[in-house]
Amino acid sequence: MLAATAWPPVAPAAPAAPVPRRLVRVRRVPPGLLPPGGADGDLVRPYVSAAEARQRAATQDARRRELEESVRRLNTWSSGGGGRR
């Protein structure tokens with residue numbers, strides 16, 4: 001069975017031209033777009049919390065490596081007699 005093909009061959013369509021955008025001037029920012037204000041309304045900055053999370057993870061990894069080294073030294077000491085004489 002042969003696949004159906006268009007005859008005569010059709011040239012590929014040219015890409016559509018982008019739609020021009022209209023610039024809009026806003027004299028007053030809508031309240032929903034303003035950052036929260038007030039005593040308890042800090043700005044939300046996700047990049048700061050991400051940096052804090054990376055710092056917290058790095059601190060935890062350093063502490064974990066320190067504990068692993070301490071356990072390794074204790075195991076080495078105890079398997080070698082560990083102060084028993």
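Residues numbered from 1 in each chain as written. Predicted model: local features only at pLDDT ≥ 70, side-chain atom pairs only at ≥ 80, totals over all residues. Heavy atoms only, no water.

Draft legend 1. Examining the overall build of the protein more closely. In terms of helices and strands, the protein carries one helix and zero strands. When the 85 residues of the protein are sorted by exposure, 4% land in the buried category. A total of about 9100 Å² of accessible surface is found on the protein, and carbon and sulfur atoms cover 60% of it. (Helix = DSSP H or I, 4+ residues; strand = E, 2+ residues; numbered from the N terminus. Buried < 20%, exposed > 50% of the residue type's maximum accessible area, 1.4 Å probe, protein only. Areas by Shrake-Rupley, 256 points an atom, 1.4 Å probe, with all protein chains shown as cover.)

Draft legend 2. Focus on the pattern of salt bridges. Per the counting criterion, the structure on display carries four salt bridges. Between Glu66 and Arg63 there is a salt bridge, with the nearest N and O atoms lying 3.2 Å from each other. Of this pair, Glu66 and Arg63 both sit in helix H1 (residues 46–79), three residues apart, which is roughly one turn of the helix. Given the relative accessible area of 46%, Glu66 is considered partly exposed. Where Arg73 meets Glu69, a salt bridge forms, and the shortest distance between an N and an O atom there is 3.7 Å. One end of the pair is Arg73 and the other is Glu69, both in helix H1 and four residues apart, which spans about a single turn. With relative accessibility at 33%, the residue Glu69 sits in the partly exposed group. Look at the salt bridges and you will find they share partners, linking Glu69, Arg72 and Arg73 into a network. (Salt bridge = Lys/Arg side-chain N within 4 Å of Asp/Glu carboxyl O.)

Draft legend 3. Local environment of a nonpolar patch on the surface. Taken together, Val29, Leu33 and Leu34 make up a surface patch of nonpolar side chains, about 310 Å² in accessible area. The residue Val29 is located in the segment before H1 in this model. Here Val29 falls in the partly exposed class, since its relative accessible area comes to 44%. (Patch = residues over 30% accessible without salt bridge, like charges linked within 9 Å, V, L, I, M, F, W, Y side chains within 5 Å.)

Distances and angles like these do not, on their own, reveal function.
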